[in-house]
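This is what each chain is made of:
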Amino acid sequence: MSIYDTLNEQQKEAVYRTEGPVLILAGAGSGKTRVLTHRIAYLIDRCGVSPWNIMAITFTNKAAGEMRERVDKIVGHGSESVWVSTFHSSCVRILRRYIDRLGFDNHFTIYDTDDQKTVMKEICKRLQIDTKMLKERTILGAISSAKNEFISPLEFAVNAAGDLVQTKIATVYTEYQNVMRKNNALDFDDLLVKTVELFQNCPDVLESYQERLRYLMVDEYQDTNTVQFELIRLLAAKYRNLCVVGDDDQSIYKFRGANIRNILDFEKVYPDAKVIRLEQNYRSTQNVLDAANHVIRNNKSRKEKTLWTDKGAGSPLHFKQFDTACEEAQFIAGEIRRKQAEGTVDFGQCAVLYRTNAQSRLLEEQFVLAGIPYQVVGGVNFYARREIKDLLAYLKTVDNGRDDVAVKRIINIPKRGIGAATIARVQEYADAHAISFYDALREADQIASIGRSASKLEPFVMLIQSLRGKLEYYGLQELLRDIIDTTGYVKALEESEEEDAESRIENIDELMNKVIAYEENHEEASLSEFLEEVALVADIDGVAADNNRVLLMTLHSAKGLEYSQVYLAGMEDGIFPSYMTITSDDVEEMEEERRLAYVGITRAKDDLTLTCARSRMVRGETQYNMVSRFVGEIPEELMDHRPPVVKRRSWEEYPQDTGSLNRFREKPFGSFGSRQAEAGGRNAEAGRGTGINSRSHMYTAGSLSAGIGSTRPANDPRLRPKAVLTPQRTEEENRPFFTKGAGALSGISKGAPAGGRPDYEVNDRVRHVKYGEGIVRKIEEGARDYQVTVEFDRAGTKVMYAAFAKLKKTE
DNA sequence: CGTACTAGTCTTTTT
DNA sequence: GACTAGTACG
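First, a word on scope: everything that follows refers to the structure included in this document. (Residues numbered from 1 in each chain as written. Chains lettered and ligands numbered in written order. Predicted model: local features only at pLDDT ≥ 70, side-chain atom pairs only at ≥ 80, totals over all residues. Heavy atoms only, no water.)

1. Observations regarding the overall build of chain A
Note the cut-off: Secondary structure follows DSSP: runs of H or I at least 4 residues long count as helices, runs of E at least 2 residues long count as strands, and numbering of each begins at the N terminus. Type-normalised accessible area, obtained with a 1.4 Å probe on protein chains alone, sets the label of each residue: buried when under 20%, exposed when over 50%, and partly exposed for intermediate values. Only heavy atoms enter the contact rule, under which two residues are in contact if any of them lie within 4.5 Å. Here the Shrake-Rupley method, with its probe set to 1.4 Å, supplies the accessible areas, and only the displayed protein chains count as covering residues.
Helix and strand counts for chain A stand at 33 helices and 21 strands. Here chain A holds 811 residues, and the buried ones make up 53% of them. Taking contacts inside chain A between residues at least 6 apart in sequence as the whole, the part at least 24 apart equals 75%. Roughly 36700 Å² of accessible area belongs to chain A as shown, and the carbon and sulfur atoms make up 50% of that amount.

Spelled out as structure tokens, the structure:
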């Protein structure tokens, strides 16, 4: 009995097929990691391949770590020689060794999104680009897309010929790369691009890697972009032992440049490729799989396949719709609490998945109230926090004096009385002498224009120099400790009045712990390597498997994971699929969104609950959403439709909730002009907030003043709580109202009173600022305002309140 | 030069 | 609602 006997036929085929190109189409939960690890073992044990000649590439450190662990377990001796790592880490490793061949210093730093933006801002300023018209983000996005497609600044410029905006971006792209080179820095995309350039320009280097990495395996192949494809292609060109594993149905990173054609066209690029399908699922119940299959079937561009399991039907999927997002969160927390109390499941077996990070807040609140241990994955990356970035900038400055971004970040932290004017003069000097900013600082006494300020720069330079000197005998730990002490960073926080000072200090402690852990795990811990590792961590990497907490994360982060109990929250048109997708005219986007739904559903092993809310706050506005079309794509017989537990009020009453009342009115009343608001707003909070905040306070107090406008009497019924709550709805009413077809769209409406009958009628053509033109289908007199249903030409049908839709008749 | 307040933007997803 | 960049003022 060998380890391979436990594999099914297709899995065996994938393991035994060691030579030549292989495409493994691995459905969700079909045991692809198992196949990969067994394949590595097979290569070593049975084929006599040296571990040294094998490489497995993943996307996240977490995936790489897990793969490594499993390989170690099953291969045993020699497994450490197998190269298991992420695309980005692999590239860094290669570039550290050879990037001097491209005229870079091997001691480069890696810029994160934040640093990129800093660079971009400076460039835009210098090139006098109106960032209101052309935003930094947009430019960076364009540059990133270009790099993902392996388009150089020069090519970009050629392609842009004739287009004013594109030409401008081309100029910025060129300049951006110049600055990066000057700073001896690479961004995430550069890591890949430069590696490919290196291979193209230096055949000897490429060949050495081809010789070494004779057996290549790529995980999550559906998410590779064009550069990654090229990288793999080059490496595999000599021995052609390339095995890629992926699932086109789980391709969810198109927005980041992933090219689904890489997997769909694999057989075109490698006509001799062996294609193996893994369709048996070992994870979920048949009900869950059926749901997933039905949803994904609505996609056109995919390779047909159907997952099956011998696990049995399992329990039905649960679906619940709530009035508010808060109730939704309450329910999820309550359910998890209940299950845990019953002893059926533990916290660690539960995960709540949502579309956007912002949705975690409400859930967190309820989890705290319910006393449920949880962990949120994502949001603001730990290493992106201000205090952490500050300290890292010190480390970077000590490590690489050419990183101007890092130096400028900390030159006045803590306050040294060095302002913008001084920095600008030093920069001029640096430019004039073609030296780095830091080197210019060292010659501060030579800079005539800064005068007395030179004396302020000196202590900073001294500090850095002395730290560099200490590097000889300092460990990383001592270095960081020294920086914290001499800068008084933590001390300043301790004395500060800031509300979050405490959590910042905790973060710094955490950084210290990470440094200590790093030194423990790496015998020859170097500053550069630490910084590099830190630059490449993803949110998901920090999730420990064994701490028995409920995990909250986005659907994207959840890819590759599995949980017994899965909750998909916010299943609403406008949230998921996102508003952007619904309004986009690119059909592919909806397909990608549907794949995301597929990923979400297939995370569940035993139990899947889908929830949504009729109303929720999004960016300070109340949205009314209909049930997600994806829920509608799941056959009803797979679900139960029990009515919500929470007592429900009638639709008209929403604004009566004091909570939503204020928010409900903020926007609308803002449009009345701020003067009235200030007249009534002598509230204490006025100092903190804008007039809008003070206004909402005013209403809570019930003092609706005449300032609001003559259309509303003081005893406006809308402000009196309705005494009678409508009884709970019948089962029939509680059935979700599905949105059918692509055209139907939820009514994203801003609530609001005031305003008479609109000047348009049913069947009139109207124009909306955001949604464009459409035809009025219905006008209803609601409690607060006229509700208008408009069928837009491009944006679908929307129900909106007349006063705020600001619709204009077009004829 | 530093602070305090305001206005604007954002968010769909991230190595 | 949350955060950030920009501006006015001391």
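So that's the structure; there's more coming.
2. Some details on the packing of aromatic side chains
Under the convention used in this document: The criterion for an aromatic pair is that two Phe, Tyr or Trp rings (for Trp, the six-membered ring) have centres within 6.5 Å, with stacked assigned to planes under 30 degrees apart, edge-to-face to planes over 60 apart and tilted to the rest. Only when the NZ of Lys or the CZ of Arg is both within 6 Å of the ring centre and within 35 degrees of the ring normal is a charge said to sit over the ring.
This model, assessed by the stated rule, comprises 17 aromatic pairs. Considering the side-chain rings of Tyr-253 and Phe-255, the 5.6 Å spacing of their centres and the 45 degrees angle between planes classify their relative orientation as tilted. Since its relative accessible area comes to 13%, Tyr-253 is described here as buried. In this structure an aromatic cluster arises from ring pairing among Trp-83, Tyr-98, Phe-199 and Tyr-209. The aromatic ring of Trp-83 is capped on one face by Arg-93, whose charged end is 3.9 Å from the ring centroid. In this structure, Arg-256 is placed above the aromatic ring of Tyr-253, and the distance from its NZ or CZ to the ring centre is 4.2 Å.

3. Things to note about the nonpolar core
Let me state the cut-off plainly: Take the buried residues of types Ala, Val, Leu, Ile, Met, Phe, Trp, Tyr and Cys, join any two whose side-chain atoms come within 4.5 Å, and each joined set is a nonpolar core.
Leu-392, Leu-441 and Phe-460 are the most contacted members of the largest nonpolar core, which totals 50 residues. In this structure Leu-441 touches Val-407, Ile-411, Val-426, Leu-457, Phe-460 and Val-461, once residues within four positions along its chain are discounted. Counting 49 residues, the second-largest nonpolar core is a separate cluster that includes Phe-104, Leu-191, Phe-229 and Ala-273.

4. Focus: the protein's contact with DNA strand C
Heads up, the rule is: The rule for a residue being near a molecule or strand is that one of its heavy atoms must lie within 4 Å of it. Each residue is assigned to one of three groups, with Ala, Val, Leu, Ile, Met, Phe, Trp, Tyr, Cys and Pro labelled nonpolar, Asp, Glu, Lys and Arg labelled charged, and all others, Gly among them, labelled polar.
Residues in contact with DNA strand C, as listed here, are Lys-121, Met-617, Arg-619 and Gly-620. Its residues placed into classes, the surface near DNA strand C shows one nonpolar, one polar and two charged.

5. With respect to helix α9 (residues 188-201)
For the record, the criterion: The span expected for a helix works out to 1.5 Å for each residue beyond the first.
Its 14 residues place the ends of α9 20 Å apart at the C-alpha level, agreeing with the 20 Å of an ideal helix rising 1.5 Å per residue. Counted residue by residue, α9 has ten buried out of 14 residues, so it is predominantly covered. Three or more residues of α9 are buried, namely Asp-189, Asp-190, Leu-191, Leu-192, Val-193, Lys-194, Thr-195, Val-196, Leu-198 and Phe-199.

6. Considerations on the protein's contact with DNA strand B
Threshold: Pairing of N or O atoms within 3.5 Å defines a polar contact, subject to two protein rules: one partner must be a possible hydrogen donor and the other a possible acceptor, and residues neighboring in sequence count only if both atoms are side-chain atoms.
The full set close to DNA strand B counts 27 residues, and Phe-59, Arg-137, Arg-355, Ala-538 and Met-580 are the nearest of them. The sugar and phosphate moieties of DNA strand B supply 65% of its atoms located within 4 Å of the protein. Here a base oxygen of DNA strand B sits 2.2 Å away from a polar atom, N or O, in the side chain of Arg-355. Considering each element in turn, the surface near DNA strand B owes the most residues, three residues, to helix α19 (residues 420-433).

7. A look at the environment of Tyr-598
Within the element layout of this structure, Tyr-598 appears in helix α27 (residues 587-601). The exposure class of Tyr-598 is buried, given its relative accessible area of 2%. Remark: the alpha-carbon pair of Tyr-598 and Ala-292, spanning 306 residues in sequence, is separated by 5.4 Å.

8. Quick word on a negative patch on the surface
Selection criterion: Within this analysis, patches are made of residues with over 30% relative accessible area and no salt bridge. Like charges are joined at 9 Å or less; nonpolar side chains (Val, Leu, Ile, Met, Phe, Trp, Tyr) at 5 Å or less. For this analysis, a salt bridge means a side-chain nitrogen from Lys or Arg found within 4 Å of a carboxyl oxygen belonging to Asp or Glu. Neither His nor the chain ends is counted toward charge; the positive residues are Lys and Arg and the negative residues Asp and Glu. For the purpose of locating charges, the reference atoms are NZ of Lys, CZ of Arg, CG of Asp and CD of Glu.
A surface patch of negative charge is lined by Glu-523, Glu-524, Glu-529 and Glu-533. Along the polypeptide, Glu-529 turns up in helix α25 (residues 527-535).

9. What to know about helix α11 (residues 226-236)
The α-helix winds at 3.6 residues per turn, so residues separated by three or four positions along the chain end up facing the same way. Of all eleven residues in α11, ten are buried; the element is thus mostly enclosed. Two or three places before Val-227, at the opening of α11, Asn-225 has a side-chain oxygen 3.1 Å from that residue's backbone nitrogen.

10. Things to note about the sheet that holds strand β2 (residues 54-58)
Hydrogen bonds along the backbone pair up the strands of a sheet, which may run parallel or antiparallel. Quick reminder of the rule: A strand pair is defined by DSSP finding two or more bridges across the two strands. Each axis is a line fitted through C-alpha atoms, taken for helices only over the stretch in contact, and angles between the N-to-C directions span 0 to 180 degrees.
If you trace the six strands from one edge of the open sheet to the other, you get β3-β2-β6-β7-β1-β8, paired in parallel fashion. Among the strands making up the open sheet, the edge pair consists of β3 (83-86) and β8 (274-278). Within this sheet the neighbouring strands show an average axis-to-axis angle of 15 degrees, counted without direction. Sheet topology note: the strand β6 (residues 215-218)/strand β7 (residues 242-246) ladder contains three bridges and is parallel. The partner of Val-218 across the bridge, within β7, is Val-244. Contacts from helix α1 (residues 9-16) reach β1 (22-26) and β8, with the element oriented near 145 degrees to β8.

11. Let's talk about the pairing of β3
Burial of β3 is two-sided: the residues Trp-83 and Ser-85 facing one way and the residues Val-84 and Thr-86 facing the other way are all buried. As defined by bridge partners, β2 adjoins β3 across four bridges and the pair is classed as parallel. Directly across from Ala-56, in β3, lies its bridge partner Val-84.

12. Digging into the pattern of salt bridges
In this structure the tally under the stated criterion is 54 salt bridges. Lys-147 is the partner of Asp-187 in a salt bridge, and the nearest nitrogen-oxygen pair spans 2.7 Å. Placement of the pair is Asp-187 in strand β5 (residues 185-187) and Lys-147 in helix α6 (residues 136-148), with a sequence separation of 40 residues. Each member of the pair, Asp-187 as well as Lys-147, is classed as buried.

13. As for the side chain of Thr-602
Checked against the element boundaries, Thr-602 lands in the loop between α27 and β14 (604-618). A polar side-chain atom of Thr-602 sits 3.0 Å from the main-chain carbonyl oxygen of Val-599. Setting aside its immediate chain neighbours within four residues, Thr-602 contacts Ala-28, Arg-283, Ser-284 and Ala-292.

14. Re the pairing of strand β9 (residues 317-324)
In terms of residue burial, β9 counts as a mostly covered element, since eight of its eight residues are buried. Here β9 pairs with β14 via six bridges, running parallel. Pairing of Phe-319 across the sheet is with Leu-610, part of β14.

15. Topic: unusual backbone geometry
Omega for the bond connecting Ile-413 with Pro-414 falls within 30 degrees of zero, at -5 degrees, which places this linkage in the cis form. When you line up the elements, Pro-414 lands in the loop between α18 (404-410) and α19. Each neighbour pair has its own omega, and for Phe-576 with Pro-577 the value is 5 degrees, a cis peptide bond. Note on placement: Pro-577 falls in the loop between β13 (563-568) and α26 (579-583). The backbone of Gln-128 shows a phi angle near 55 degrees, a positive value even though the residue is not glycine. You can see Gln-128 is positioned in the loop between α5 (113-126) and α6. What makes Gln-128 exposed here is its relative accessible area of 71%. Phi at Ala-434 takes a positive value of approximately 55 degrees, unusual for a residue other than glycine. For Ala-434, a relative accessible area of 71% gives the class exposed.

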